[in-house]
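Residue-level listing of the chains:
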Amino acid sequence: MASHGTAISDPARSGLAARLIAGPAEDPLRRRLAHRRETGRGSPLMTHTAPVAAPAVPLPHARRDVRLFWWAGTCDALGSQTAGFVLPLLLLSLGRSPAQAGAVAGLGAAATLVLGPLAAVPADRGARKQIMVGAALVSAAAMVGVTVAVAAGPVPLAVLLAAVLVERCASACYEAASLGTVALVCPPQEHRRVLSRLQAGERGALVAGPALGGLLFAAAPWLPFLVDALSYAVAAGGIRAMRSPLSPPREQRPRTARPRRDLRAVFAEAGAGVVLVCREPFLRLALVWIAAVNSLLVALYYTTVFALQDHGRGAAPLGLVLALAGAAGLAGALAAPRLVRRHAAARVLVPVSWLLVPPAAALAVARDAWQFGLLLGLLCFLTPPATVALQARIIQLVPPALQARTGTVLATASGAAAALAPALAGLAAGRAGAAATCAGCAVLLAVLALYVTWAAPRRTRGTEEETG
């Protein structure tokens, strides 16, 4: 199952918008949304109650539920990284081609993009907990099937493909439903600290998962999939044990303007998050920054792989690069609350955007693995503060009834951008070389920094009431 955190920690994932939290009832954005509803300028098929602040969760419950949610997400991410790392190795060991291995991964990604927005609708309507628990159990069952099939002997590709698709479909539902969970378990003053801890858990899984998967696969090919199945079971148990029902108050849930339930109404509900992102300037700024940084970091990572190959480096140097980058990302996630403190999102986003440019440019002249590792590590260290600042502002802006759908929009855009980046990086490196590709990414990051410098103060003016 995919992670619950940000995409920046893992280029293949996309969850910057995860755990959207209801903001103060007096937020200017909320007043504008209420005005649109009153004047009839909203969606013709969807109306929402006026968003109000969610009732505070008793602190003992909040601490317990946040802890359970952290363990569920971290175990889930660790299991996914463990099995995800060895799945291509399993396919290749069974005599399958790299193209077939890539097709399996591509089909899983497509299932996530299709099912996520649809699963977000019932989650916003109050079924978040049921969807998360059910999806985790279905994923566990699918991975148990893979474990048994691999242990029994050569696995037919059709069987493996079916199990992976079931797991990815369930994972897409889990991911969509998890968006907004912190809104129901975390006091507002704890937003940034909790978000950074969730990121840290997932980044730690990104570091430990592949190594654990490699060791288990060497011992027995079915062991990584058994670990993944157990991680889903732990996630389901952790979510089930949370005392909060993980649903907003009834008056904050969406309702349709008329009792239609045809296909058009369903898609209108699923697209409500797109409408909100298109209407609100700060959400558009966040969408651009997330998608651009995500795709450029993925491109820089793959270009680093190409550069190491061009310089005659083997697998061990690449492992060093991944270890340094992963450790730096973990350190950045842990330091994020102290680095951003109570600063407005714009005051964090602008300097971070500019600080990303020099390391990206320096990658063009790097030659040794430790140089690539340090530079990529610096990029990974810098992104968590901006991620946390963006999350903290997004969770203030998005109404409770749109958290999952809006988060899915941001996650889908980020994931689509990251999916295209490896192919584009490979094409550019093949034609212009790895150094020129890194330089081009640095130029694009500079253009992004210029845009953020111009747009961030305008997009956030009058709406920066940051919580701690």
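Note that the coordinates shown come from a computational prediction; the quantities given were computed from them, not determined experimentally.

Observations regarding the overall build of the chain
The helix and strand tally for the chain stands at 15 helices and two strands. For the chain, the accessible surface area stands at approximately 18,500 Å², while carbon and sulfur atoms represent 69% of it.

Details of the nonpolar core
Trp289, Leu300, Leu356, Leu363 and Val452 are the most contacted members of the largest nonpolar core, which has 62 residues in total. Contributions of two or more residues to this core are made by helix H8 (272-279), helix H9 (281-310), helix H10 (315-340), helix H11 (345-355), helix H12 (357-362), helix H13 (369-397), helix H14 (403-432) and helix H15 (434-460). Tallying contributions element by element places H9 first for this core, with 14 residues. Setting aside chain neighbours within four positions, we find Val452 in contact with Leu285, Trp289, Leu349, Val350, Ser353 and Pro457. Core analysis: the second largest hydrophobic core is formed by 29 residues, Ala119, Ala120, Ala136 and Ala170 among them.

Side note on the pattern of salt bridges
Following the criterion strictly, the structure yields two salt bridges and no others. Between Asp65 and Arg64 there is a salt bridge; the shortest N-O distance is 3.8 Å.

Focus on the packing of helix H5 (residues 191-219) against helix H6 (residues 223-241)
Relative to each other, H5 and H6 sit at 130°, their axes nearing to 7 Å. Classed by the angle they form, the pair H5 and H6 counts as oblique. For the pair formed by H5 and H6, the contact residues are Gly213, Leu216, Phe217 and Ala219 on the first element and Leu223, Pro224 and Val227 on the second. Of the residues belonging to the contact of H5 with H6, the class tally is six nonpolar, one polar and no charged.

Topic: the confidence of the model for the chain
Confidence along the chain averages 76 in pLDDT terms, with 75% of residues attaining 70 or more. The weakest mean pLDDT in the chain belongs to strand E1 (residues 46-47) at 34; the strongest belongs to H12 at 94. Predicted confidence for residues 1-58 stays below pLDDT 50, and this span has 191 contacts to residues more than four positions away or in other chains. Confidence drops under a pLDDT of 50 for residues 462-468, and excluding neighbours within four residues, the segment shows 30 contacts in the predicted structure.

Quick look at the packing of aromatic side chains
Inspection of the entire model under this criterion finds three aromatic pairs. With a centroid separation of 5.0 Å and 85° between ring planes, the pair formed by Trp70 and Trp71 is classed as edge-to-face. Here Trp70 falls in the partly exposed class, since its relative accessible area comes to 26%. With 5.1 Å between their ring centres and 80° between their planes, Tyr301 and Tyr302 make a pair best called edge-to-face. Exposure remark for Tyr301: the relative accessible area of 21% places this residue in the partly exposed category.

Definitions and limits used
Residues numbered from 1 in each chain as written. Predicted model: local features only at pLDDT ≥ 70, side-chain atom pairs only at ≥ 80, totals over all residues. Heavy atoms only, no water. Helix = DSSP H or I, 4+ residues; strand = E, 2+ residues; numbered from the N terminus. Areas by Shrake-Rupley, 256 points an atom, 1.4 Å probe, with all protein chains shown as cover. Core = buried A, V, L, I, M, F, W, Y, C linked by side-chain atoms within 4.5 Å. Buried < 20%, exposed > 50% of the residue type's maximum accessible area, 1.4 Å probe, protein only. Contact = heavy atoms within 4.5 Å. Salt bridge = Lys/Arg side-chain N within 4 Å of Asp/Glu carboxyl O. Axes fitted to C-alpha atoms, helices over the stretch in contact; angles between N-to-C directions. Parallel < 35°, antiparallel > 145°, perpendicular 65-115°, else oblique. Nonpolar A, V, L, I, M, F, W, Y, C, P; charged D, E, K, R; others polar. pLDDT = per-residue confidence, 0-100. Phe/Tyr/Trp six-rings, centres within 6.5 Å; stacked < 30°, edge-to-face > 60°.

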